[in-house]
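Structural overview
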Amino acid sequence: MALLTVKDLTLGYDSHVIVEKLNFSVNAGDYLCIVGENGSGKTTLLRTLLHLINPISGEILMGDDLKKNEIGYLPQQTVIQKDFPASVREIVLSGCTGRMGLRPFYNAKEKQLAAESMERMSITPLANRCYRELSGGQQQRVLLARALCATGKLLILDEPVSGLDPYVTSEMYELIAELNRDGITIIMISHDITAAVKYASHILHIGETVFFGTKDEYLNSDTGKWKDYVR
Amino acid sequence: MLDKIVFYLQYPFVRYALIVGVLISLCSSLLGVTLVLKRFSFIGDGLSHVAFGAMAIAAVLKMTNNMLLVLPITVISAVLLLRTGTNTRIKGDAAIAMISVGAMAFGYLIMNIFPTSANVSGDVCSTLFGSTSILTLSIEEVWLCIILSVIVVVIFIVFYNKIFAVTFDENFSMATGTNAGAYNLLIAITIAVIIVLAMNLVGSLLISALVIFPALSAMRLFNSFKGVTVFSAVLSVISSLLGIFISILAGTPVGSTIVAVDIIAFVLCYIAGLVL
């Protein structure tokens, strides 16, 4: 069974419909890029997948024993975080709170997990630094390490490279691709179609026309055709 | 000067004031960091006005223990404010302003229509600025304060990691399975309790100062959440003790003296933060 199956999903806020009758599925190991114009409902879809908002109709089925607290999430940065006094270690550890239930303190296993996540993102030397003093790319690595504490299966990323310079952007994409090669399923929102077709295995295009399929199918479809220049 | 302090310490009411002062400043500073970071500073302010209104009703009803009325009303308001406050920022702002100004107006109105003493403006002034109530505490009130403070501190320690996660990133916490709504509720109820307690010390108009200044001072100097929290607690307790002693020696009002000390501490921390 697929990791995530979306059936006849209609999205929106209150009664205002943004996307209608969406169908797609994500298998373990896939790298799905969600593309589409501004206002096409990418973020709404993401928030619905994360159970932050309820769909108007339709359902999201989770398979392969995926539990709700096993989804890692890389949100866009908020204003609050810009001047938040917290060390890198504290933030990465906070990714473990979902799995703690009512237990008040982190155990040795969770501290170990946080240390491993920091190592994986090569931010161990920054562990005691303050989050607000880091560069944009370093901050994204911290948030990615936090997401890795929450999951070993599925990562959902919301525009992970917005605001980063080109060099750091490609570094970030490589990092995400590496996680995917290690077996973590990726669902990513992106504006950057060039990168989407370079790294993703599947594309979901939402907007006036809806397309879901593999990258190659997308490049040969009517929706994706005009992006031929990418190749 | 030391003789004079030792002399005053012989009186039980001075000792009570010190105990309550230390506990209240400790509790209020703990959640201050979270409130400042979540942009909730004004919820504290709004709730303190609600507590003032509730106090007025309790006075008119001639209740012997006004906490029984003030505490539930303030807690309920906190819950209501938080429900409108999430996700809809502007509405939340307006709701706070509405409730706080409304409670204030009705409180004053009720106190004037049903005066319980000859000196209404004196009563109002002492509720607003806490002028002497800290020095007239009964032993029961001191115990109530001790019990509630212990509860607040225990809740804070037990939920410290969750409170941090929810403060730093509410969406991430919710998405990964933490019940952020429940923790927001917990924060709101706790802050309501602290505010009702703190009314004794500094009066309802000055409570926000006790909540936000130590947190802001600590944020100038420390880089980790734990560092900020611990330092703001220590700073808050020291400032309150200093404020109470100064007010006893110089005969100034307790509440405003404590707030003045807090502000001076903030300025010093601000300068130290620039230099370091």
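Residues numbered from 1 in each chain as written. Chains lettered and ligands numbered in written order. Predicted model: local features only at pLDDT ≥ 70, side-chain atom pairs only at ≥ 80, totals over all residues. Heavy atoms only, no water.

Overview of the overall build of chain B
Counting its secondary structure elements, chain B contains 13 helices and zero strands. Written out in order from the N terminus, the α and β elements of chain B read α-α-α-α-α-α-α-α-α-α-α-α-α. At 19 Å, chain B has a C-alpha radius of gyration in line with the 19 Å of a compact globule built from 276 residues. The dimensions of chain B, computed from C-alpha atoms along their principal axes, are 55 × 45 × 30 Å. By residue count, 51% of the 276 residues in chain B fall in the buried class. Looking at chain B alone, contacts between residues at least 24 apart form 76% of all its contacts between residues at least 6 apart. Looking at charge distribution, chain B has the averaged site of its 11 positive side-chain charges lying 8 Å from that of its 9 negative ones. (Helix = DSSP H or I, 4+ residues; strand = E, 2+ residues; numbered from the N terminus. Rg over C-alpha atoms; globule rule 2.2 N^0.38 Å. Buried < 20%, exposed > 50% of the residue type's maximum accessible area, 1.4 Å probe, protein only. Contact = heavy atoms within 4.5 Å. Lys, Arg positive; Asp, Glu negative; His and termini not counted. Charge placed at Lys NZ, Arg CZ, Asp CG, Glu CD.)

Some remarks on the side chain of B:Lys38
Checked against the element boundaries, B:Lys38 lands in the loop between helix H2 (12-37) and helix H3 (41-60). Judged by relative accessible area, which is 4%, B:Lys38 ranks as buried. Only 3.2 Å separates the side chain of B:Lys38 from the side chain of B:Glu170, close enough to count as a polar contact. Those residues in contact with B:Lys38, other than ones at most four positions away along the chain, are A:Ile80, B:Val166, B:Thr167, B:Glu170 and B:Asn184. (Polar contact = N/O pair within 3.5 Å; in protein donor to acceptor, adjacent residues only side chain to side chain.)

Remarks on the confidence of the model for chain A
Detailed reading of predicted coordinates is not advised where the pLDDT is low. The predicted model of chain A has a mean per-residue pLDDT of 83, with 95% of residues at 70 or higher. Taken element by element, chain A is modelled with least confidence in helix H10 (residues 222-225) of chain A, mean pLDDT 64, and with most confidence in helix H3 (residues 88-93) of chain A, mean pLDDT 92. (pLDDT = per-residue confidence, 0-100.)

Focus on the pairing of strand S7 (residues 185-189) of chain A
Residues and elements named next belong to chain A. Most of S7 is tucked away: five of the five residues are buried. Burial along S7 is two-sided: Thr185, Ile187 and Ile189 facing one way and Ile186 and Met188 facing the other are all buried. As judged from the four bridges shared by strand S3 (residues 31-35) and S7, these two strands associate in the parallel manner. Each bridged residue has a counterpart across the sheet, and for Leu32 the counterpart in S7 is Ile187. With five bridges joining them, strand S6 (residues 154-158) and S7 adopt parallel strand pairing. The partner of Leu154 across the bridge, within S7, is Thr185. On the question of chirality, the crossover connecting S6 to the parallel S7 by way of helix H7 (residues 166-181) is right-handed. (Pairing = 2+ DSSP bridges. Right-handed = clockwise from strand over helix to strand, strands pointing away.)

Details of the sheet that holds strand S4 (residues 57-62) of chain A
Residue and element names in this part refer to chain A. Spatial ordering of the open sheet is given by S2-S1-S4, a layout of three strands whose pairing is antiparallel. What marks the edges here is a single partner per strand, and that holds for strand S2 (16-26) and S4. Sheet twist, expressed as the average angle between the axes of neighbouring strands with direction ignored, equals 25 degrees. Inspection of the sheet shows strand S1 (residues 4-13) paired to S2 by seven bridges, in the antiparallel sense. (Axes fitted to C-alpha atoms, helices over the stretch in contact; angles between N-to-C directions.)

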